[in-house]
Amino acid sequence: MKKNLMSVLIMALVTVNLVLTAIIMFFTVSANRKTIALVDDIAGILNLELESAAAGGEAAAMAEPVPPENSEVYDIADAMTIALRSGDDGKDHYAMCSVSFSINNQHPDYKTYQPMLAAKESKIKSEIIEVVGKYTKEEAQADVHGIEEEILAKVQEMFDSDFVYEAYFRDIKFQ
């Protein structure tokens with residue numbers, strides 16, 4: 001009789017446990033959905049991409065990679081100190097950066113535009129200052145790669161050519 005009573009008690013406890021687990025899961029999943037929706041809304045406001053890097057990589061994969069023997073590096077000689085946009089803390093912040101460009105020396109526009117890089121270096125610096133200066137310190141630290149892409153787009157637009165295929169920071173520090 002005691003074994004039977006224990007079995008009934010165990011079965012009742014298992015059933016209560018199952019019901020409580022189902023209730024907890026129901027409320028957890030709905031709260032999780034609300035949290036995901038809130039994060040999506042905030043990301044949309046801040047204009048952040050939550051998509052995987054594969055989506056951004058598709059555009060890069062479409063362009064043919066430049067073999068190393070056809071690549072040349074152009075360095076902006078001077079490091080630049082750029083005033084960043086004021087953030088929430090109200091303090092002045094600066095970025096100190098050195099920028100380089102990768103150039104395809106087999107590109108049809110190479111012979112035309114490569115000598116112009118040195119001549120237009122001050123204009124290129126101006127574009128870099130404009131791009132970097134519109135970010136706050138926190139935004140710039142979070143999206144260095146995005147800033148590099150924006151600088152590349154400005155330089156390609158300036159020359160109306162994609163013989164410069166990569167822009168990158170050799171060094172960047174934030175204060």
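The next point concerns the overall build of the protein chain. A tally of regular secondary structure across the protein chain gives 6 helices and 4 strands. Each helix and strand of the protein chain, placed in order from N terminus to C terminus, yields the pattern α-α-β-β-β-α-α-α-α-β. The proportion of buried residues among the 175 residues of the protein chain is 26%. Taking the contacts inside the protein chain whose residues are at least 6 apart along the sequence as the reference set, 71% of them involve residues at least 24 apart. Accessible surface for the protein chain amounts to roughly 12300 Å². Of this, 60% is attributable to carbon and sulfur atoms.

The subject of this paragraph is helix H4 (residues 121–133). In this model H4 runs 18 Å from its N-terminal to its C-terminal C-alpha over 13 residues, within 8% of the 18 Å that 1.5 Å per residue would give. Buried residues of H4: Glu121, Ile124, Lys125, Glu127, Ile128, Val131, Val132 and Gly133, and no others. Tucked inside the fold, the buried residues of H4 contact strand E1 (71–75), strand E2 (80–83), strand E3 (94–104), helix H3 (110–119), helix H6 (144–159) and strand E4 (164–174).

Tallied over the entire structure, the rule returns 9 salt bridges. Residues Glu139 and Arg85 are paired through a salt bridge, measuring 3.0 Å at the closest nitrogen-oxygen approach. One end of the pair, Glu139, is in helix H5 (residues 137–142); the other, Arg85, is in the loop between E2 and E3, with 54 residues separating them in the sequence. Classification of Glu139 as partly exposed rests on a relative accessible area of 34%. Lys173 is paired through a salt bridge with Asp171; the nearest N and O atoms lie 3.2 Å apart. Through salt bridges with shared partners, one network takes in Lys123, Glu127, Glu130 and Lys154.

Counting 27 residues, the largest nonpolar core has Val99, Phe101, Ile124, Ile128, Val132, Ile147 and Ile151 as the members making the most contacts within it. Residue assignment for this core shows that the elements contributing at least two residues are E2, E3, H3, H4, H6 and E4. Other than its neighbours up to four places away in sequence, Ile151 contacts Phe101, Ile128, Val131, Val132, Ala167 and Phe169.

Residue position: Glu121 is located in helix H4. Exposure remark for Glu121: the relative accessible area of 15% places this residue in the buried category. Those residues in contact with Glu121, other than ones at most four positions away along the chain, are Tyr74, Asp75, Ile76 and Ala77.

What counts, and at which threshold
- Residues numbered from 1 in each chain as written.
- Predicted model: local features only at pLDDT ≥ 70, side-chain atom pairs only at ≥ 80, totals over all residues.
- Heavy atoms only, no water.
- Helix = DSSP H or I, 4+ residues; strand = E, 2+ residues; numbered from the N terminus.
- Buried < 20%, exposed > 50% of the residue type's maximum accessible area, 1.4 Å probe, protein only.
- Contact = heavy atoms within 4.5 Å.
- Areas by Shrake-Rupley, 256 points an atom, 1.4 Å probe, with all protein chains shown as cover.
- Expected span 1.5 Å × (residues − 1).
- Salt bridge = Lys/Arg side-chain N within 4 Å of Asp/Glu carboxyl O.
- Core = buried A, V, L, I, M, F, W, Y, C linked by side-chain atoms within 4.5 Å.

None of this, on its own, says anything about what the molecule does.
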